[in-house]
Amino acid sequence: MSLKIEEIKILEQEPMCKHTTFRIGGAAKYFVMPKNTAEIQTLIAYCKEHKLDYCVLGNGSNVLFTDAGYDGLIIQIGSAMSEIRVDGTSVYAQAGAILARVANLAYEAGLTGMEFAAGIPGSIGGAIVMNAGAYGGEMKDIVSYVEVLSMDGTLRSYACDEMEFAYRHSIIDADKIVVGVGLTLEHGDKTAILDRMNELAEARRSKQPLEYPSAGSTFKRPEGYFAAKLIDDSGLRGYRVGGAMVSEKHCGFVVNVEQASSADVLAVMQHVQEVVNEKYGVMLEPEVRIIR
């Protein structure tokens, strides 16, 4: 069955390995990159009416699609919804804007506060969902408001204190979609901002396995522990199944070293969880969103 909605370009049997940083995943039955909020509203209404499963995706940097693909509609909020505007110390970005690009435009405007985000992969919409953070900074530190589309088709703005931001958590769930973000930054010294961004970029290059496809940190940080240290201390550095491996450079990452399948990745993750739990009594919780 073909899916046709007037003036909206919908692809069929689109390989999800093309749309995720893991470079893994079978085909989605239908795939679309909407141009605006109205198109998202139309698509969701269609899916509800026709009882079609759908999944909203950002830049695909924190997800793992299975090899079987997705039997429904993938709505990827990407480059067609990536406008960024700077007004004084305020920055507005549509959800599809890449986080690093927002950080770079903030730097160009002489605004400080986003340096921590410059090297985080993914869209700003996805960063809001997970309250992305690194090197002492989190999205909650700079968010002013978030524009959210609910599944009933209503659009409303949430203030930062309404977002319930916590470690890798926000109020955004399967019934809510981030479509825009307002940030409040501060005027700063451009040289100092650039120096900090370069310092953090070098730290990432030296410590993270950026040479391989991955979905970033595979597991959330357990309270009182560091996931990477638990994995390393469990003797799992370099543990491999097929083309998926616990990174030898940073044990917090499972990487795609050689055309890994999702089954390979899931097998590595499960083994890591079992061994760490057996040795330390800590069950690691995936940070990667697994889409089946």
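Located above this text is the structure these notes cover.
What counts, and at which threshold
- Residues numbered from 1 in each chain as written.
- Predicted model: local features only at pLDDT ≥ 70, side-chain atom pairs only at ≥ 80, totals over all residues.
- Heavy atoms only, no water.
- Helix = DSSP H or I, 4+ residues; strand = E, 2+ residues; numbered from the N terminus.
- Rg over C-alpha atoms; globule rule 2.2 N^0.38 Å.
- Buried < 20%, exposed > 50% of the residue type's maximum accessible area, 1.4 Å probe, protein only.
- Contact = heavy atoms within 4.5 Å.
- Areas by Shrake-Rupley, 256 points an atom, 1.4 Å probe, with all protein chains shown as cover.
- Pairing = 2+ DSSP bridges.
- Expected span 1.5 Å × (residues − 1).
- Polar contact = N/O pair within 3.5 Å; in protein donor to acceptor, adjacent residues only side chain to side chain.
- Axes fitted to C-alpha atoms, helices over the stretch in contact; angles between N-to-C directions.
- Parallel < 35°, antiparallel > 145°, perpendicular 65-115°, else oblique.
- Nonpolar A, V, L, I, M, F, W, Y, C, P; charged D, E, K, R; others polar.

1. Some points on the overall build of the protein
Reasoning step 1: A tally of helices and strands in the protein yields six helices and 18 strands.
Reasoning step 2: On C-alpha atoms alone, the protein measures out to a radius of gyration of 19 Å, which is about the 19 Å that the 2.2 N^0.38 rule sets for 292 residues.
Reasoning step 3: The principal-axis extents of the C-alpha atoms in the protein amount to approximately 55 × 50 × 30 Å.
Reasoning step 4: Put simply, the protein has 292 residues, and 51% of those count as buried.
Reasoning step 5: In the protein, the proportion of contacts linking residues at least 24 apart, taken out of those at least 6 apart, comes to 63%.
Reasoning step 6: When the accessible surface of the protein is summed, it comes to about 13600 Å², and 48% of that surface belongs to carbon and sulfur atoms.

2. Some remarks on the pairing of strand 11 (residues 143–150)
In summary, the side chains of a regular strand alternate between the two faces of the sheet.
Reasoning step 1: In this structure, strand 11 lies alongside strand 13 (residues 176–184), joined through seven bridges in antiparallel fashion. Across the sheet, serine 150 pairs through a bridge with lysine 176, a residue of strand 13.
Reasoning step 2: Pairing geometry for strand 11 and strand 12 (residues 155–159), over five bridges, is antiparallel. Looking across to strand 12, one finds that glutamate 147 is bridged to serine 157.
Reasoning step 3: Here strand 11 folds back onto strand 12 in antiparallel fashion, the turn holding four residues, of which glycine 153 has a positive phi close to 95°.

3. Things to note about helix 1 (residues 37–49)
Reasoning step 1: Between its first and last C-alpha, helix 1 extends 18 Å over 13 residues, near the 18 Å set by a 1.5 Å rise per residue.
Reasoning step 2: Listed in full, the buried residues belonging to helix 1 are Thr37, Glu39, Ile40, Leu43, Ile44, Tyr46 and Cys47.
Reasoning step 3: Lining the buried residues of helix 1 we find strand 2 (27–32), strand 3 (54–57), strand 5 (70–76), strand 11, strand 12 and strand 13.
Reasoning step 4: The N-terminus of helix 1 is capped by asparagine 36, whose side-chain oxygen sits 3.2 Å from the backbone nitrogen of alanine 38.
Reasoning step 5: One or two residues past the end of helix 1 sits lysine 51, with phi positive at roughly 50°.

4. Some thoughts on the sheet that holds strand 12
Reasoning step 1: Spatially, five strands are ordered 6-7-13-11-12 in an open sheet, and the strand pairing comes out antiparallel. Lying at the two open borders of the sheet, with one neighbouring strand each, are strand 6 (84–87) and strand 12. Across the sheet, the mean angle from the axis of one strand to that of its neighbour is 20°, orientation sign disregarded.
Reasoning step 2: Relative to strand 13, strand 7 (residues 90–94) runs antiparallel, the two sharing five bridges. Opposite serine 90, over in strand 13, you have threonine 184 as the bridge partner.
Reasoning step 3: Together, strand 11, strand 12 and strand 13 form the strand contacts of helix 1, whose direction differs from that of strand 13 by roughly 160°.
Reasoning step 4: Across the sheet, helix 2 (residues 99–108) is in contact with strand 6, strand 7 and strand 13; its angle to strand 6 comes to roughly 25°.

5. Considerations on the packing of helix 2 against helix 4 (residues 190–207)
Reasoning step 1: Where helix 2 meets helix 4, the axes come as close as 9 Å, and the angle between the chain directions of the two elements is 155°. Judged by the angle between their axes, helix 2 and helix 4 are roughly antiparallel. On helix 4, the residues touching Ala103, Asn104, Tyr107 and Glu108 of helix 2 are Lys190, Ile193, Leu194 and Met197.
Reasoning step 2: Looking at side-chain class alone, the contact of helix 2 with helix 4 contains five nonpolar, one polar and two charged residues.

6. A short note on the sheet that holds strand 15 (residues 240–241)
In sheet architecture, strand pairing relies on hydrogen bonds along the backbone and comes in two forms, parallel and antiparallel.
Reasoning step 1: Within the open sheet, the three strands sit side by side as 15-16-17. Their pairing is antiparallel. Edge positions in the open sheet fall to strand 15 and strand 17 (254–256), since each of these has one partner strand only.
Reasoning step 2: With three bridges connecting them, strand 16 (residues 244–246) and strand 17 associate as antiparallel partners. By the bridge assignment for strand 17, alanine 244 is matched with asparagine 256.
Reasoning step 3: Strands strand 15, strand 16 and strand 17 of the sheet are contacted by helix 6 (residues 262–280), whose axis makes an angle of about 30° with strand 16.

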